[in-house]
Amino acid sequence: MKISLANDLEEIAVVGARIDEFCESHDIPPQVAYAVSVSVDELLNNTISYGYADDDPHTIELSLQLDADAVVVQIVDDAQEFEASGVPEPDTEAALEDRSVGGLGLFLVHQMMDTVEFRREAGRNVVTIAKKTNGGDGAP
């Protein structure tokens, strides 16, 4: 399945519905569908909220496929270059008021997905995430 969306936060709900349809039509376990949906929501939210230095319209391309034993999602955008290794892991043990802002969503994506890969290719960010369909409970 391929989805093109604008860099508009309202588009995320449409993507979530399409992911749900895809997972239901392929008998993906609910906990896997949940993990994929939450992860895509978080990644798109971050890209749309923080990735663009202008208010111009941009297109984000998303592909969703079922490999032999995993749901694989690829998100391609023309947002500012994102260096995932520069995001510090949040201190989940610290009291809420002592935690620094940011990084929790990316942390959750890494916890929920089996693979997470960020790369820059031809001036575009390419994020690939995968969740195995035969294991895990989908919870962080």
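Everything numeric here is computed off the predicted structure, so don't read it as measured data. Here, residues in each chain are numbered from 1, in the same order as that chain's written sequence. With the structure being a predicted model, the display of local features is reserved for residues of pLDDT at least 70 and the display and counting of side-chain atom pairs for 80 or more, all residues being used for whole-chain, interface and lining totals. Each side-chain value is worked out from all heavy atoms of the structure, with water and hydrogens disregarded.

It is worth spelling out the overall build of the protein at this point. Runs of E in the DSSP output that reach at least two residues are strands. Runs of H or I that reach at least four are helices, and both are numbered from the N terminus. When helices and strands are tallied, the protein shows 3 helices and 5 strands. Sequence-ordered secondary structure for the protein, helices as α and strands as β, is β-α-α-β-β-α-β-β. Only protein chains enter the calculation, and the probe is 1.4 Å; a residue is then buried if its accessible area is under 20% of its type maximum, exposed if over 50%, and partly exposed in between. When burial is assessed residue by residue, the protein has 39% of its 140 residues classed as buried. The contact criterion used throughout is that any non-hydrogen atoms of two residues lie within 4.5 Å. Relative to all contacts within the protein whose residues are 6 or more apart in sequence, the contacts with residues 24 or more apart total 64%. As displayed, the protein has an accessible area near 8100 Å², and 48% of this comes from carbon and sulfur atoms. Here the accessible surface of atoms and residues is derived via Shrake-Rupley with a 1.4 Å probe, and residues count as covered only by protein chains that are part of the display.

Most of strand β5 (residues 124-132) is tucked away, with 7 of its 9 residues classed as buried. Here, any two strands with at least 2 DSSP bridges between them count as paired. Strand direction decides the pairing type here: strand β4 (residues 115-121) and β5, joined by 7 bridges, are antiparallel. Within β5, the position partnered with valine 116 by the bridge is isoleucine 129. Linking β4 back to β5 in an antiparallel pair, the connection comprises 2 residues, with alanine 122 at a positive phi of about 55°.

Here we come to the confidence of the model for the protein. With 81% of its residues at a pLDDT of 70 or more, the protein shows a mean pLDDT of 87. Ranking the helices and strands of the protein by mean pLDDT puts strand β3 (residues 70-77) first, with 98, and helix α3 (residues 104-112) last, with 87. Confidence scores here are pLDDT values: one per residue, from the predictor, ranging 0 to 100.

What follows covers the pairing of strand β1 (residues 2-6). On any regular strand, side chains alternate: one points to one face of the sheet, the next to the other face. Residues of β1 alternate between two faces, with Ile3 and Leu5 buried on one and Lys2, Ser4 and Ala6 left unburied on the opposite face. Pairing between β1 and strand β2 (residues 59-66): 5 bridges, direction antiparallel. Following the sheet pairing, lysine 2 is matched in β2 by serine 63.

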